[in-house]
Amino acid sequence: MGSSEDEQVGFASLPSPLVELHDERLTRHGVHLQLKRDDLINPEIPGNKWRKLRYNLQAAREEGFSRLLTFGGAFSNHIRATAAAGQHFGFETVGVIRGEEHNPLNESLAYATKRGMVLTYLDRATYRRKTEPDVLAALQDRFGPCYLLPEGGSNGLAVRGVAELVSEITTDFDIICCATGTGGTLAGIAAGLAGQQRALGFAVLKGGQFLEEEVRRLQREAYGVATANWTIEVDFHFGGYAKRTLALDTFIADFHERHGVTPDWVYEAKMLCGLFAHIEAGAFSSGTRIIAVLS
Ligand SMILES: *Cc1c(COP(=O)(O)O)cnc(C)c1O
């Protein structure tokens, strides 16, 4: 086997494509919008999840771990991605899931087990304490030595991996948008920007204000300092994490009809719906060039 870096070559198709969107709602306001199709870099792993995992997988290998342990909700893309990457790169994986077990397993968790992930469940109160030493010690007693990946895969190495997304973009732009769950993606994208460029995150969960401190913490963990070139929009959660409304479903159907792309309803559709609402409310001056990241 080559070095862990060589191993990863070819697993993801990078750089991901940038696609111009033609839409009269944009032309009316003189706004240019391109989609950064990070969702196309690997058929099994959403793009930002791969970017967040890659340096962590290298670190796990270098530190001699053969097992990854991570945390997530029952619909977590990060759980799926960790299971797929673990199987591909030869790590055992343990997924610690919030809440009770429900059988049959939903599509995400069934997928994870098919990729060899061992699932275990923590009640909500214990799950909230998942970073505390006693909870972690109990998990390591049970599953053996594990490389720990936080919920959503967001840590300093993840932020550094995501920042590379920005360096792939060779056209000029003013604003870059992403959906925000744990904040790692926004932290990395903002860290990769230059000059007057700004990043705009759309929180996909209710009460997303707490994410501001989280994004700052993650940037400090990665680089020692936080940047001031980003904001988080908290009004487009559509009822909360993994909740949907008729308005969101209508937006997705309409977007598919116009552009042949079906944005993921847990994340990307909320971001795009929020972004179009801003554009139609005249929030961006004519000539603004925006990139929306689909992961
Ligand atoms: C996880 C995920 C996000 C959010 O990323 P965070 O780093 O947790 O904020 C956005 N879009 C998709 C498709 C995702 O899977």
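Data block above holds the structure.
In this report, the structure presented in the accompanying data block is examined. Remember, predicted model here, so these are calculated numbers, not experimental data. (Residues numbered from 1 in each chain as written. Predicted model: local features only at pLDDT ≥ 70, side-chain atom pairs only at ≥ 80, totals over all residues. Heavy atoms only, no water.)

### Brief notes about the site of the ligand
Here's step 1: The ligand sits among 16 residues. The nearest are Lys49, Lys52, Gly181, Thr182 and Thr185.
Here's step 2: At 3.1 Å, a side-chain N or O of Asn48 approaches an oxygen atom of the ligand.
Here's step 3: With respect to the ligand, the side chain of Glu268 contributes an N or O atom lying 2.8 Å from a nitrogen atom.
Here's step 4: Its free accessible area being 380 Å², the ligand has 98% of it covered by the protein chains.
Here's step 5: Looking at the shell around the ligand, the elements that each hand over two or more residues are helix 3 (47–62), strand 7 (175–180) and helix 9 (184–191).
Here's step 6: No other element matches helix 3, which puts three residues into the shell around the ligand.
Here's step 7: In the shell around the ligand, the residues fall into two nonpolar, 10 polar and four charged. (Near = heavy atom within 4 Å. Polar contact = N/O pair within 3.5 Å; in protein donor to acceptor, adjacent residues only side chain to side chain. Areas by Shrake-Rupley, 256 points an atom, 1.4 Å probe, with all protein chains shown as cover. Helix = DSSP H or I, 4+ residues; strand = E, 2+ residues; numbered from the N terminus. Nonpolar A, V, L, I, M, F, W, Y, C, P; charged D, E, K, R; others polar.)

### A closer look at the packing of helix 3 against helix 4 (residues 77–89)
Here's step 1: Running from N to C, helix 3 and helix 4 point in directions that differ by 45°, and their axes come no closer than 11 Å. By the angle between their directions, the pair helix 3 and helix 4 is classed as oblique. In the crossing of helix 3 with helix 4, the sense of the turn from one axis to the other is right-handed. Contacts from Lys49, Trp50, Leu53, Leu57 and Arg61 in helix 3 reach Asn77, His78, Ala81, Thr82, Ala85 and Phe89 in helix 4.
Here's step 2: Classifying every residue of the contact of helix 3 with helix 4 by side-chain character gives six nonpolar, three polar and two charged. (Axes fitted to C-alpha atoms, helices over the stretch in contact; angles between N-to-C directions. Parallel < 35°, antiparallel > 145°, perpendicular 65-115°, else oblique. Left-handed = near helix turned anticlockwise from the far one by under 90°. Contact = heavy atoms within 4.5 Å.)

### Focus: the packing of aromatic side chains
Here's step 1: In total, this model carries 10 aromatic pairs according to the counting rule given.
Here's step 2: Here Phe11 and Phe89 contribute two aromatic rings whose centre-to-centre distance is 5.0 Å and whose plane-to-plane angle is 65°, an arrangement assigned as edge-to-face. With Phe11 in the loop between helix 1 (4–8) and strand 1 (18–20) and Phe89 in helix 4, this residue pair connects regions lying 78 residues apart in the sequence. Each member of the pair Phe11 and Phe89 is classed as buried.
Here's step 3: Measuring from ring centre to ring centre gives 5.9 Å for Phe65 and Tyr147, while their planes differ by 70°; the resulting arrangement is edge-to-face. A residue pair is termed long-range when its members are at least 10 positions apart, and Phe65 in the loop between helix 3 and strand 3 (67–72) and Tyr147 in strand 6 (residues 147–149) qualify at 82 residues.
Here's step 4: Accessibility expressed as a relative area gives 26% for Phe65, which makes it partly exposed.
Here's step 5: Taken together, Phe11, Trp50 and Phe89 form an aromatic cluster joined through their ring pairs. (Phe/Tyr/Trp six-rings, centres within 6.5 Å; stacked < 30°, edge-to-face > 60°. Buried < 20%, exposed > 50% of the residue type's maximum accessible area, 1.4 Å probe, protein only.)

### Focus: the pairing of strand 10 (residues 289–294)
Here's step 1: Counting buried positions over the six residues of strand 10 gives five, a clear majority of the element.
Here's step 2: Pairing geometry for strand 2 (residues 32–37) and strand 10, over six bridges, is parallel. Bridge pairing links His32 to Arg289 in strand 10.
Here's step 3: Two strands pair when backbone bridges link them, and strand 7 and strand 10 are joined in this way by three bridges, in the parallel orientation. Bridging across to strand 10, Ile176 finds its partner in Ile291. (Pairing = 2+ DSSP bridges.)

### As for the nonpolar core
Where a protein is soluble and globular, its nonpolar side chains tend to be buried together.
Here's step 1: Judged by nonpolar contacts, the single largest core of 31 residues is most densely connected at Leu275 and Ile290.
Here's step 2: Counting residues per element, the ones that place at least two in this core are strand 2, strand 7, strand 8 (198–203), helix 11 (246–259), helix 12 (268–280) and strand 10.
Here's step 3: Of all the elements, helix 12 adds the most residues to this core, at seven residues.
Here's step 4: Each residue touching Ile290, except ones within four places of it in the same chain, is listed here: Val31, His32, Leu33, Gln34, Ile175, Cys177, Leu275, Ile279 and Phe284.
Here's step 5: Counting residues in hydrophobic clusters, the runner-up holds 25 residues, among them Cys178, Ala203, Val234 and Ile291. (Core = buried A, V, L, I, M, F, W, Y, C linked by side-chain atoms within 4.5 Å.)

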